[in-house]
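Structural features, examined
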Amino acid sequence: MIILEVARRALRRGALLGSVSLTLMTAGEARAETPMDRPVEFHVSGGDLDHALTQAADQSGVHIFFPSASVAGKKSVGLSGKLTVNQALARLLSGSGLSWHLQDGKTIIVSASSNITLGPVRVGGTVTHQDPTGPGVGYVAENTMSATKTNTSIMEIPNSIYVVTKQQMVDQQPQNVMEALRYTPGVYAEALGTANSGSADNQNNAGGGFLQRGFSSMQFVDGLQTNSESAGETSFLERVEVINGPASVMYGQTSPGGLIGMSLKKPTDVPLHQVSLGFGNWGRYEATLDISDKITKSGNLRYRIAAIGDTQGTQTDYAKYHRVGVLPSLTWDIDSKTSLTLIGSYVYTPGDGTYSAGYPAHGTLLPGEYGRIARSTFLGEPNWNETAVKSAMFEYLFSHDFNKYMRFEQTFRWEKSKSASRLLSLSGGYDATHVERTPMTQDIGNTTIGMDARFTGKIKTGPLSHTWVVGMDFRKYDVSLGYQYDYTQGDNLIDIYNPVYGSYTPCYGYSSNCSDFGGKSTFSQFQEGVYFQDQIKYKGLSILLGGRNDWVGNTNYIRSIDGTDPSNGVTVTNSKTRYANQSAFTWRAGLIYNFKFGLAPYFSYSTSFVPQQGFDVNGKTFSPLTGKQIEAGLKYKIPETDVLLTASAFHIDENHYVITDPNNTQFSADAGRVTSKGFEVSAHANITKNIHIVASYSYTDARYTKTNLTTTQIYTNGYTISRGADISQKGKYVQSVPRNMASIFVDYSLPSEALKGFGVNGGVRYVGFTYNDAANSFKIPEYVLFDIGARYDFSQTFPVLKGLQAQLSMSNLTNKYYVTSCATNACYLGQGRRVYGNLTYNW
């Protein structure tokens, strides 16, 4: 083989060779074609552009011409994944002002370009955007918008941020956002198990579904808070981000634990065509579609359509899941400075797979008279077991660059969802073998309108560089809840070990034949805020300062109930509550210093504010939830690698922490102050082009530190639960919060020629013990779960099948039986062994 190495080596020494071309030849003959369009595994570290191009040339076997004068002083991001040479160059040259072209079919020339737009490239069947809301590369995302609302390196932000990249989601195959966060430090995403979370719906959006650093958190989609019942469909997401710690300065009402940020799929610059067929245990069948391409020849108008159809059972008998959804989007680059993206979605879930009754403590958390209750046991009635959800959304994202100093960005979203449930819930009465159930109906509708608009820019004041943000946002939220309980059939007991279903006959309508009770509640709230932020940079030092003022007004709660509750004899009348207008100022400050060898220590202080709804047993409304956090940590980006290590220690105080009133469970109570302190360590790494790793450990000590509340301690008496003395909650651990969590997940592409195209992965998740209530009556045991997976790229053996890949993922490999948490009347079981398989085709 004759290879012209001299030109490239001379360029690396700084020679000025002008417009020299490089031709590939073999055995004295020019090749008929070059491997420009053949996928190649790349692992290129970020850093100097000339070094990155040299690595890419070595790994691909293609020699690349680049004049040293053009690349001198320029930087490049890294690569990790399967790309063509075309795509790899697009990634490496992004933002460099350089372009490249193929001459005579076999010569690559890199040259200066006065106007170049390099978009996202496909990595292993996904799309890697160059913007900080894209899917990242491998398991590492270097930039983010979520923490500062500016395109900022994670290494320059003085607080904890973790990104679940698209590649990680592809490898792990999560079916909802809770599962996507299984390997994220500081987050306990499955506290409600599968019994109360559904098979693919993700959470209680208003809080409770996710716990961050011991506190319920909230979800944001493209920077705006969401309350949609179908938010977070993973087939519609590009990435998931976690901000641990208060984020009120940028987002308004958020808890001190942090927030979950999700980015929807949007049109790509590089064409994307993907379809998949899925299968699995419990009768799972799924089909997805993801297509993006340009509409105009220039590519200034592009579209993307993502869609899903899914039907499956669950580990619980008679709990089914069905869903169809579509997410169309359109991007119009109006000119070189102005862009508009329109996104819509509609999701219909006629069965959400939810079994909300849970299980009694005996037979799950505690020993049962006849052993433990099977996960498949259904304690409702098959003919009265339905939860259907409809959700629609419209969103636009607009941006305009006035000049190099100022940019305007605006995001607006309208969303509406409705859910209707017909089920039987556990009502608290039970003996060793039976539980009491209450039939009910529930209809929930919510509408949210939100907008965020901001000006951003860059200026210099002497040696200091400033990236500033000034913005405002608002959110209007309306929700209605209608519910009715049927007490006509009395206790309505069922045997927990041998359930016999009686084909429940509904009796509703407040007639003389029915003993039912219900009502309707409506709630509305309008919140607006203004905020500012300055990111100040001096050499390796970055300082972050920000503040915000929120106003919450026009908050109404109307309860339409007039009658006596047959369950307790309490007479309830119609009521209307108008909460006082509330306002709060929150702020944060932090600094981080980047040493040249990759280490970045940081320190930050931040506050939070959340207005609270509801009232206590005496009809008194609650004070706003306020929090403050001190955090210190280290971030280490190992030079010339794609390895990001982080460690952080935190101390959070939250005042007016509201819990279910332990003595009046139909009401809430102010638990006073809760303190959460601990530390987290994590690793996100593309070790080599074949090995990707994500790992973490979290320690969280969350306790009631200042409270006047007492809780009745409970204990076992044979196979029944008895109530003991009232004890103070002060000093007790917050229920459902594990003190220790650890996890590691590794993906490995086999390099052997005999096994080329095969990849395997596996993970281990450990969740430490928790307590069932504020009295710390019982411990919920710790558990360890194992996940494994494998995939095969058919094109490695059969070129005619280029783009076809098969994948199999298994969670809870050992089928371990475990309890995730317990509430007042029920305990929730974790998911048993789950098998997912997919056949995906990209073209």
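Residues numbered from 1 in each chain as written. Predicted model: local features only at pLDDT ≥ 70, side-chain atom pairs only at ≥ 80, totals over all residues. Heavy atoms only, no water.

Scanning the protein for helices and strands turns up seven helices and 54 strands. Looking at the protein residue by residue over its 843 residues, the buried ones come to 56%. Of the contacts made within the protein by residues no fewer than 6 positions apart, 68% connect residues no fewer than 24 positions apart. As displayed, the protein has an accessible area near 33500 Å², and 56% of this comes from carbon and sulfur atoms. (Helix = DSSP H or I, 4+ residues; strand = E, 2+ residues; numbered from the N terminus. Buried < 20%, exposed > 50% of the residue type's maximum accessible area, 1.4 Å probe, protein only. Contact = heavy atoms within 4.5 Å. Areas by Shrake-Rupley, 256 points an atom, 1.4 Å probe, with all protein chains shown as cover.)

Taken together, five strands build an open sheet; the order of strands is S13-S19-S20-S17-S18 and the sheet is mixed. With one partner strand each, in any of the chains shown, strand S13 (160-164) and strand S18 (224-225) form the two edges of the open sheet. Across five bridges, S13 lies against strand S19 (residues 237-244) in antiparallel orientation. The residue bridging valine 163 from the neighbouring strand is glutamate 241, located in S19. (Pairing = 2+ DSSP bridges.)

Of all eight residues that make up helix H4 (residues 85-92), seven are buried, and the element is covered over most of its length. Of the positions making up H4, those classed as buried are Val85, Gln87, Ala88, Leu89, Ala90, Arg91 and Leu92.

Right, let's get into the state of the cysteines. Tallied over the entire structure, the rule returns two disulfides. Cysteine 507 shares a disulfide with cysteine 514; S-S distance 1.9 Å. Torsion about the S-S bond of the cysteine 507 and cysteine 514 cystine: about -90°, corresponding to left-handed handedness. Residue classification places cysteine 514 among the buried residues on the basis of a relative accessible area of 14%. Cysteine pairing for the protein (bonded cysteines numbered in sequence order): 1-2, 3-4. (Disulfide = S-S within 2.5 Å.)

Right, let's talk about unusual backbone geometry for a bit. One non-glycine residue, lysine 149, lies in the positive phi region at around 60°. Residue position: lysine 149 is located in the loop between strand S11 (143-144) and strand S12 (152-153). Positioned with a positive phi, arginine 213 is a non-glycine residue whose angle comes to about 50°.

What follows is about the pattern of salt bridges. Under the definition given, this model contains 32 salt bridges. Close ionic contact of arginine 213 with glutamate 680 constitutes a salt bridge, the shortest N to O distance being 2.8 Å. Separated by 467 residues along the polypeptide, arginine 213 in the loop between strand S15 (211-212) and strand S16 (215-216) and glutamate 680 in strand S42 (residues 673-686) bring together distant segments of the chain. In this pair, the class of arginine 213 matches that of glutamate 680, namely buried. Put simply, arginine 437 and glutamate 381 hold a salt bridge, and the shortest N to O gap is 3.1 Å. Here the residue arginine 437 occupies a position in strand S28 (residues 434-461), and glutamate 381 occupies one in the loop between strand S25 (338-352) and strand S26 (386-403), the gap between them amounting to 56 residues. Each member of the pair, arginine 437 as well as glutamate 381, carries the same accessibility label: buried. Among the charged side chains, a network of salt bridges with common partners joins Lys149, Asp401, Arg407, Glu409, Asp452 and Arg454. (Salt bridge = Lys/Arg side-chain N within 4 Å of Asp/Glu carboxyl O.)

Tallied over the full model, the rule gives 28 aromatic pairs. Residues tyrosine 318 and tyrosine 501 carry aromatic rings whose centres are separated by 5.4 Å and whose planes lie at 80° to one another, so their mutual orientation is edge-to-face. Here tyrosine 318, found in the loop between strand S23 (301-312) and strand S24 (321-335), pairs with tyrosine 501, found in the loop between strand S30 (493-495) and strand S31 (516-538); they are 183 residues apart in sequence, far enough to count as distant. On the accessibility criterion, tyrosine 318 (40% relative accessible area) is partly exposed. A connected cluster of aromatic rings, assembled from ring pairs, spans Phe398, Phe402, Phe408 and Phe455. The ring centre of tyrosine 817 lies 4.1 Å from the NZ or CZ of arginine 372, which sits over that ring. (Phe/Tyr/Trp six-rings, centres within 6.5 Å; stacked < 30°, edge-to-face > 60°. Lys NZ or Arg CZ within 6 Å of the ring centre and 35° of its normal.)

Let us look at the side chain of aspartate 747. Relative to the helices and strands, aspartate 747 is located in strand S46 (residues 740-749). Residue aspartate 747 is classed as buried on the basis of its relative accessible area of 2%. Of the polar contacts made by the side chain of aspartate 747, one reaches the side chain of asparagine 761; its length is 3.1 Å. Here arginine 791 takes part through its side chain, which lies 2.6 Å from a polar atom of the side chain of aspartate 747. Setting aside its immediate chain neighbours within four residues, aspartate 747 contacts Tyr139, Asp171, Asn690, Ile691, His692, Val760, Asn761 and Arg791. (Polar contact = N/O pair within 3.5 Å; in protein donor to acceptor, adjacent residues only side chain to side chain.)

This next bit is on the sheet that holds S15. Pairing is antiparallel in the open sheet, where three strands are placed in the order S14-S15-S16. Every other strand in the sheet has two partners, leaving strand S14 (187-188) and S16 as the edge strands with one partner each. Taken together, the two bridges between S15 and S16 define a ladder with antiparallel strand orientation. In the strand pairing of S16, leucine 211 is matched with serine 216.

Looking now at the side chain of glutamate 680. Of the residues examined, glutamate 680 reaches a relative accessible area of 1% and is grouped as buried. A polar atom in the side chain of glutamate 680 sits 2.8 Å from the side chain of arginine 213. A distance of 3.3 Å separates the side chain of glutamate 680 from the side chain of asparagine 244, its partner in a polar contact. Non-local contacts of glutamate 680, meaning those with residues more than four positions away in its chain, are made with Ser160, Tyr162, Pro185, Gly186, Arg213, Asn244, Thr646, Ala647, Ser648, Phe650, Tyr697 and Ser698.

Residues Val275, Leu289, Ile305, Val326, Tyr346, Tyr841 and Trp843 make up a contiguous nonpolar surface patch of roughly 560 Å² in combined accessible area. Mapped onto the elements, tyrosine 346 comes out in strand S25. Since its relative accessible area comes to 38%, tyrosine 346 is described here as partly exposed. (Patch = residues over 30% accessible without salt bridge, like charges linked within 9 Å, V, L, I, M, F, W, Y side chains within 5 Å.)

Turning to the nonpolar core, a few remarks are in order. If you look at the biggest cluster of nonpolar residues, it comprises 24 residues, and the most contacted ones within it are Leu181, Val240 and Leu264. When residues no more than four places from it in sequence are discounted, the contact partners of leucine 264 are Val221, Asp222, Phe236, Leu237, Glu238, Leu327, Ile343, Met393 and Glu395. (Core = buried A, V, L, I, M, F, W, Y, C linked by side-chain atoms within 4.5 Å.)

When you line up the elements, phenylalanine 597 lands in the loop between strand S36 (582-593) and strand S37 (599-610). Overall, phenylalanine 597 belongs to the partly exposed group, its relative accessible area being 46%. The spatial distance from the C-alpha of phenylalanine 597 to the C-alpha of lysine 637 is 8.4 Å, given a sequence separation of 40 residues. When near neighbours in sequence (up to four residues on either side) are disregarded, phenylalanine 597 contacts Tyr636, Lys637 and Pro639.

Let us now look at the environment of tyrosine 251. You can see tyrosine 251 is positioned in helix H7 (residues 248-251). For tyrosine 251, a relative accessible area of 9% corresponds to the buried category. Expressed as a C-alpha distance, the spacing of tyrosine 251 and alanine 147, which sit 104 residues apart in the sequence, is 9.4 Å. Those residues in contact with tyrosine 251 that lie beyond four places of it in its chain are Met145, Ser146, Lys149, Phe220, Gly223, Ile243, Leu259 and Arg548. Separated by 2.5 Å, the side chain of tyrosine 251 and the backbone oxygen of serine 146 make a polar contact.

Attention shifts here to the environment of threonine 716. Structurally, the position occupied by threonine 716 is in strand S44 (residues 710-717). Classification of threonine 716 by relative accessible area gives partly exposed; the value is 36%. Separated by 62 residues in sequence, threonine 716 and phenylalanine 778 place their C-alpha atoms 9.6 Å apart.

The next subject is the confidence of the model for the protein. Scored by pLDDT, the protein has a mean of 83; 85% of the residues are at 70 or more. Counting interchain partners and residues more than four positions distant, the pLDDT-below-50 stretch residues 1-34 has 60 contacts. Considering only residues more than four positions removed or in separate chains, one finds that residues 195-208, a stretch of pLDDT under 50, has 64 contacts. (pLDDT = per-residue confidence, 0-100.)

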